[in-house]
Amino acid sequence: MMSPRSTAWLSVGVLAGFLVLAGCDVGSVSDSGNGNSGFNLDSCTIPTDRLVDGGVPRDGIPSLDEFTSGDDRLVEKDASSAGYLEDDNRIIGLLFGDQALAVPHNILWHHEIVNVDNWAGQTFAVTYCPLTGTNLAFDRSVIDGAEFGVSGLLFNNNLTMFDRRDDESLWPQMNREANCGASVGTDLEMLPVMEMTWGKWKELHPDTKVISSETGFSRNYRTSGYPYGDPDPESSYERPNNDNLLFDMPIDDRRPPKERVLGIPNGDGGLAVPFGELDDGSEARAVEVTVGGTDMVVLWRADAEGAMAYQPRTQSGQSLSLTVENGRFVDGSGRTWTLDGRAQNGSARLEPVQTAYVSFWFAWAADSFQPETRIWDGSE
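Computed from a predicted model, the values in this text were never measured in an experiment.

### Digging into the overall build of the chain
Logical step 1: When helices and strands are counted, the chain shows five helices and 27 strands.
Logical step 2: Taken against the 2.2 N^0.38 rule, which gives 21 Å for 380 residues, the C-alpha radius of gyration of the chain at 20 Å falls within 12% of a compact globule.
Logical step 3: Seen through its principal axes, the chain has C-alpha atoms that stretch 65 × 45 × 40 Å.
Logical step 4: Across the 380 residues that make up the chain, the buried fraction comes to 56%.
Logical step 5: When the accessible surface of the chain is totalled, it reaches about 14600 Å², and 42% of it is carbon and sulfur.
Logical step 6: If the 28 positive side-chain charges of the chain are averaged to one point and the 58 negative ones to another, these points end up 4 Å apart.

### A look at the state of the cysteines
Logical step 1: Taken as a whole, this structure holds one disulfide when the rule is applied.
Logical step 2: At a sulfur-sulfur separation of 1.9 Å, the disulfide partner of Cys44 is Cys180. Between Cys44 and Cys180 the disulfide shows an S-S torsion of about 115 degrees. By sign, it is right-handed. One end of the pair, Cys44, is in the loop between strand 1 (27-28) and strand 2 (51-53); the other, Cys180, is in strand 13 (residues 180-181), and 136 residues separate them in sequence.
Logical step 3: Overall, the relative accessible area of 18% leaves Cys44 in the buried class.
Logical step 4: A relative accessible area of 1% means that Cys180 is categorised as buried.

### Description of the nonpolar core
Logical step 1: Grouped together as the largest cluster of nonpolar side chains are 97 residues, with contacts concentrated most on Leu94, Val103 and Phe124.
Logical step 2: Look past the residues within four positions of Val103 in its chain and what remains in contact with it is Ile91, Ile92, Leu94, Leu108, Val114, Val126 and Ile211.
Logical step 3: Within the second largest apolar cluster, 18 residues are counted, among which are Val289, Val291, Ala309 and Val358.

### Quick notes on the side chain of Asn156
Logical step 1: Positionally, Asn156 belongs in the loop between strand 10 (148-155) and strand 11 (158-163).
Logical step 2: Accessibility expressed as a relative area gives 5% for Asn156, which makes it buried.
Logical step 3: Residues within four places of Asn156 in sequence aside, it is in contact with Arg50, Thr132, Met249, Ala366, Asp367, Ser368 and Phe369.

### Some points on the sheet that holds strand 8 (residues 122-129)
Logical step 1: Taken in spatial order, the five strands line up as 3-7-8-9-14 in an open sheet, and their pairing is mixed. In this open sheet, the two strands that pair with only one neighbour each are strand 3 (64-68) and strand 14 (190-191).
Logical step 2: Note: strand 8 against strand 9 (residues 134-139), six bridges, orientation antiparallel. Across the sheet, the residue bridging to Tyr128 is Asn135, located in strand 9.

### Quick look at unusual backbone geometry
Logical step 1: Backbone geometry at Asp144 places phi at a positive 60 degrees, although glycine is not the residue there.
Logical step 2: With respect to the helices, strands and loops of the structure, Asp144 is situated in the loop between strand 9 and strand 10.
Logical step 3: Residue Arg176 is not a glycine yet carries a positive backbone phi of 60 degrees.

### Describing the pattern of salt bridges
Logical step 1: Following the criterion strictly, the structure yields 25 salt bridges and no others.
Logical step 2: Between Arg140 and Asp117 there is a salt bridge, with the nearest N and O atoms lying 3.1 Å from each other. Remark: Asp117 occurs in strand 7 (residues 113-119) and Arg140 occurs in the loop between strand 9 and strand 10; sequence separation between them is 23 residues.
Logical step 3: Looking at Arg140, the relative accessible area reads 1%, which means it is buried.
Logical step 4: The salt bridge involving Glu238 is made with Arg260; its shortest N-O contact spans 3.3 Å. Taken together, the positions of Glu238 in the loop between strand 16 (209-211) and strand 17 (260-264) and Arg260 in strand 17 put the pair 22 residues apart, joining distant regions of the chain. Taken as a pair, Glu238 and Arg260 share a single burial class, namely buried.

### A closer look at the sheet that holds strand 15 (residues 194-197)
Logical step 1: Pairing in this open sheet of five strands is mixed, and the strands run 4-16-6-5-15 from one edge to the other. Only two strands of the sheet have a single neighbouring strand rather than two, namely strand 4 (74-76) and strand 15. Ignoring which end each strand starts from, the neighbouring axes of this sheet average 35 degrees apart.
Logical step 2: As judged from the three bridges shared by strand 4 and strand 16, these two strands associate in the antiparallel manner. By the bridge assignment, Leu74 is partnered in strand 16 with Ile211.

### Examining the packing of aromatic side chains
Two measures describe an aromatic ring pair: the distance that separates the ring centres and the angle between the ring planes.
Logical step 1: One pass over the full model with this rule turns up 12 aromatic pairs.
Logical step 2: Ring geometry for Tyr357 versus Trp364: centroids 5.6 Å apart, planes at 70 degrees, classification edge-to-face. As far as burial versus exposure is concerned, Tyr357 and Trp364 are alike and both buried.
Logical step 3: Three or more aromatic residues link up through ring pairs in this structure, and these residues are Trp109, Tyr226, Tyr228, Tyr237, Phe360 and Phe362.

### Some remarks on the environment of Thr338
Logical step 1: Structurally, the position occupied by Thr338 is in the loop between strand 24 (336-337) and strand 25 (350-352).
Logical step 2: In this structure, Thr338 is in contact with Leu204, Leu299, Phe329 and Gln344, ignoring residues within four places of it in sequence.

### A short note on the confidence of the model for the chain
Logical step 1: When pLDDT is averaged along the chain, the result is 90; 90% of the residues meet or exceed 70.
Logical step 2: Here residues 6-27 is a poorly scored stretch, pLDDT under 50, and it has 49 contacts once near neighbours within four places are set aside; other chains count.

What counts as what
- Residues numbered from 1 in each chain as written.
- Predicted model: local features only at pLDDT ≥ 70, side-chain atom pairs only at ≥ 80, totals over all residues.
- Heavy atoms only, no water.
- Helix = DSSP H or I, 4+ residues; strand = E, 2+ residues; numbered from the N terminus.
- Rg over C-alpha atoms; globule rule 2.2 N^0.38 Å.
- Buried < 20%, exposed > 50% of the residue type's maximum accessible area, 1.4 Å probe, protein only.
- Areas by Shrake-Rupley, 256 points an atom, 1.4 Å probe, with all protein chains shown as cover.
- Lys, Arg positive; Asp, Glu negative; His and termini not counted.
- Charge placed at Lys NZ, Arg CZ, Asp CG, Glu CD.
- Disulfide = S-S within 2.5 Å.
- Core = buried A, V, L, I, M, F, W, Y, C linked by side-chain atoms within 4.5 Å.
- Contact = heavy atoms within 4.5 Å.
- Pairing = 2+ DSSP bridges.
- Salt bridge = Lys/Arg side-chain N within 4 Å of Asp/Glu carboxyl O.
- Axes fitted to C-alpha atoms, helices over the stretch in contact; angles between N-to-C directions.
- Phe/Tyr/Trp six-rings, centres within 6.5 Å; stacked < 30°, edge-to-face > 60°.
- pLDDT = per-residue confidence, 0-100.

Following this line, the structure appears as structure tokens:
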């Protein structure tokens with residue numbers, strides 16, 4: 001079953017060769033009359049001509065809400081209701097102490113937001129925009145623990161959330177702040193997340209919890225249920241060289257439009273670390289970068305198809321330098337580390353860069369997000 005947004009997307013015929021459905025009106029909120037889903041846009045601090053009606057009403061793409069650590073929708077990796085996942089499917093991984101949580105893209109294709117009310121004492125939202133390939137998690141304390149929902153609006157093709165409060169606001173995911181409504185200018189605190197394959201996450205965390213396919217909604221969460229065209233990598237919306245977008249926008253041609261990059265935001269434009277540069281045929285890489293005058297290390301593993309940025313120190317403050325030996329991350333004392341920043345022998349953890357997240361290149365480099373970004377090309 002297709003999600004509401006995918007039906008709207010296909011209806012405008014943006015992606016050649018896909019089924020064209022009629023009857024859905026999508027366009028800028030100024031053109032679409034009541035297409036702003038009832039949100040007050042008078043106070044917006046972003047160009048409202050970039051804030052467009054995605055073809056669904058508010059909550060037309062339903063978030064998943066009220067998850068707790070004991071929720072029966074969170075299951076062990078081997079549970080039958082986790083059987084919708086294949087090892088090469090991508091997940092968003094979160095770690096709180098020794099508690100591991102996986103939120104699969106397969107789930108977020110259809111829901112985009114998962115509101116977690118109590119996981120290791122944390123109240124947060126895990127968010128994914130399939131159109132821009134961006135996954136970020138936010139602490140919800142700044143909105144008094146209220147839930148985030150899918151507004152039905154897109155800013156530069158990116159998910160725009162709203163908070164379910166009386167004095168509601170609009171929060172474009174990649175801006176990480178309120179840009180319309182009562183909370184304009186309020187920043188969201190990010191929680192560190194990792195994007196990698198389900199198979200690798202399971203290997204790293206055999207006791208992980210993962211969202212069950214029994215969400216209460218009738219959706220096909222298997223790979224075959226990918227709602228943005230053929231899931232085959234040669235024709236998928238996510239194919240790196242595919243320049244088709246739901247809404248046209250300028251695309252920086254320095255990298256393939258939908259290549260995944262690990263983006264590290266900063267006031268000087270930030271840094272994009274392209275997966276295509278990291279993937280040089282090695283099993284693993286540890287590359288040193290500098291962002292805004294701060295030294296960091298980016299770890300990459302080919303078998304996880306994932307990367308993450310860390311401060312070159314442990315959470316307890318111990319400085320270290322990481323290299324790769326025989327496909328393993330090793331520090332100066334010979335201690336080995338995992339991609340998700342854990343010492344394999346002991347309890348030490350690397351300090352993650354909380355603001356780092358994965359994005360499609362076209363979105364990361366957009367003129368409303370990180371147009372002045374530098375690109376890591378292996379020369380640093």
